[in-house]
Amino acid sequence: MVQILQDYWLLFLVGQYPHGPIGGLAMTLFMAAVGLSLSFPFAVALALARLSPYRWLRLPATAIVHVVRGLPLIMFIFWVYFVVPLVIGRPVGGVETLVITLVVYEASYLSEIIRAGILGLPKGQVEAAKALGLGYFPTTFRVVLPQALHNMLPSMVSQFVSTIKETSLGYVISANELTFAAAQVNNQLMTRPFEVYGLLALTYFALCFALTSAARLLERRIASERGGGLSLAAAPA
Amino acid sequence: MIRFENVEKWFGSLHVLAGVSGEVKRGEVTVVLGPSGSGKSTLIRAVTRLEPIQRGRILIGDVDVASREININRLRQRIGFVFQAFNLFPHLTALGNITLGLERLRRIPKAQAKERAIQELARVGLADKANTVPAKLSGGQRQRVAIARALAMDPEIMLFDEPTSALDPEKVGEVLQVMKALAKSGMTMIVVTHEMGFAREVANTVWFMDEGKIAESGAPGLVFGTPENPRLKRFLARDGDH
């Protein structure tokens, strides 16, 4: 295993770069980060629409979230892989396909996190904003979202962990990421699948476990910093 | 200035406001007393439409609060509201809590808003806490920041919903003091409270609410001196605890 690592660590890390396209762990992180970041504005919009008093906003947003959450990611990957080229009239690479898929898929999951964050705020926060005379947009963007997103940071890190693991499905459409790199190594060595995929598992685990631990730490810090201030429940007599 | 005309409200089958009528004149302080569940908080929340009412009217000047024609946010800017649970924005400093409304609603430039906010903080004795977040303030200080936040909008009316009920006893005085000074300055106020001393000293009128109605009203000397309503008599007899 150590021998394999010594020979192929660069391939695991960055793929064939600089002699070919960048790949490996770097591409895995890149796709997860870009996918999740690009999905963020859509997630906020979906969350707000789902909490809207207007049915014409609430119903379609709710439908989108339920449909996406009710289907496996691999199916979306195939859809994007085969449909997007038809729509835009040119072939689309594996990395682009996966990023587009992740944006659609993660927007739904992230929107549920954001929605929970908004619903978790004390009712008094919106009431105080209303009482000042603030309208919907300043209330949402200056009072509600800053708090909701801050409180939900740990959940968002967890979602990032899920996204990292989900990028491994990019293998089936030849997106040049970590699992793909491991498969390349395995193909070259032919006889050492256990070690190669063991190494792959260890890499994913180290990364995800570190991030999960960071999320837990963050959670404790947020709980303690807000413990002093916010949790006084608003209870009109 | 504020007129309640036969105001009625139900929470489900609960008749929280069962026909409230009364008037608060400009520059006067009305203290609303009553057992919990008597509808007093609901009544003042209805003044800024934090609670919609189902029947009757609430008029501010000659503006009907429930009217769909008015801009409710504009109206709310004329009415300061102080909550029992303070409801400061925990992600903003004391200063930021106050400047938010000034910048977003009054369209006052940042530097000026900041100056104004510090003035308001000084008025409640907290100029040195401008850059402190709510979590680092005591309950009394938080409530004073909340009052400053409301005052910064230059309201014509201030509503207080049990402003000292969530405070430690030794912090009650500092908040009441701010409210007394405000009353003396001629602010029109409705105060829902259990602080009888405050009512006696500051109120022009006391309303005793019971079961969604104003059961007795009048000058504090009258209401406390010669109470007629039996519930009020019992309520006042229990006052020794407060």
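See the structure shown above.
Summary of the structure given here. All values reported here derive from a predicted model rather than from experimental measurement.

1. Observations concerning the packing of aromatic side chains
Step number 1: Tallied over the entire structure, the rule returns twelve aromatic pairs over all chains.
Step number 2: With 5.2 Å between their ring centres and 80° between their planes, Tyr81 of chain A and Phe82 of chain A make a pair best called edge-to-face.
Step number 3: A relative accessible area of 53% means that Phe82 of chain A is categorised as exposed.
Step number 4: Measuring from centroid to centroid gives 5.3 Å for Phe205 of chain A and Phe209 of chain A, while their planes differ by 15°, and the two rings are stacked. Separated by four residues within a single helix, Phe205 of chain A and Phe209 of chain A lie in helix α10 (residues 193-227), roughly one turn from each other.
Step number 5: The class for Phe205 of chain A is exposed, based on a relative accessible area of 54%.
Step number 6: An aromatic cluster of three or more residues is present, and its members are Phe76, Tyr105 and Tyr109 of chain A.
Step number 7: Cation over ring: Arg149 of chain B sits above Phe89 of chain B, and NZ or CZ is 4.6 Å from the ring centre.
Step number 8: Seen from the ring of Phe224 of chain B, Arg200 of chain B lies directly overhead, with NZ or CZ sitting 4.7 Å from the centre.

2. Points about the pairing of strand β4 (residues 55-60) of chain B
Residues and elements named next belong to chain B.
Step number 1: Sheet analysis places strand β1 (residues 2-11) next to β4, joined by five bridges and oriented antiparallel. Residue pairing across strands places Glu8 opposite Arg55, the latter belonging to β4.
Step number 2: Linking two consecutive strands that pair antiparallel, namely β4 and strand β5 (residues 63-64), is a turn of two residues; a positive phi of about 65° is found at Gly61 within it.

3. Let's talk about the interface of chain A and chain B
Step number 1: Counting from both sides, the interface comprises 27 residues of chain A and, opposite them, 27 residues of chain B.
Step number 2: Here chain A and chain B share an interface that buries about 2400 Å² over both sides, 62% of which is from carbon and sulfur atoms.
Step number 3: At the junction of chain A with chain B, the criterion picks out one salt bridge.
Step number 4: The closest approach of N and O atoms between Glu127 of chain A and Arg45 of chain B, which form a salt bridge, is 2.5 Å.
Step number 5: Inspection of the chain A/chain B interface yields four residue pairs in polar contact (both at pLDDT 80 or more).
Step number 6: If one sorts the elements of the side of chain A that touches chain B by residue count, helix α6 (residues 123-132) of chain A sits on top with eight residues.
Step number 7: Taken together, the residues of the side of chain A that touches chain B sort by class into 15 nonpolar, seven polar and five charged.

How each quantity is defined
- Residues numbered from 1 in each chain as written.
- Chains lettered and ligands numbered in written order.
- Predicted model: local features only at pLDDT ≥ 70, side-chain atom pairs only at ≥ 80, totals over all residues.
- Heavy atoms only, no water.
- Phe/Tyr/Trp six-rings, centres within 6.5 Å; stacked < 30°, edge-to-face > 60°.
- Buried < 20%, exposed > 50% of the residue type's maximum accessible area, 1.4 Å probe, protein only.
- Helix = DSSP H or I, 4+ residues; strand = E, 2+ residues; numbered from the N terminus.
- Lys NZ or Arg CZ within 6 Å of the ring centre and 35° of its normal.
- Pairing = 2+ DSSP bridges.
- Contact = heavy atoms within 4.5 Å.
- Buried area = accessible area lost by both parts, 1.4 Å probe.
- Salt bridge = Lys/Arg side-chain N within 4 Å of Asp/Glu carboxyl O.
- Polar contact = N/O pair within 3.5 Å; in protein donor to acceptor, adjacent residues only side chain to side chain.
- Nonpolar A, V, L, I, M, F, W, Y, C, P; charged D, E, K, R; others polar.

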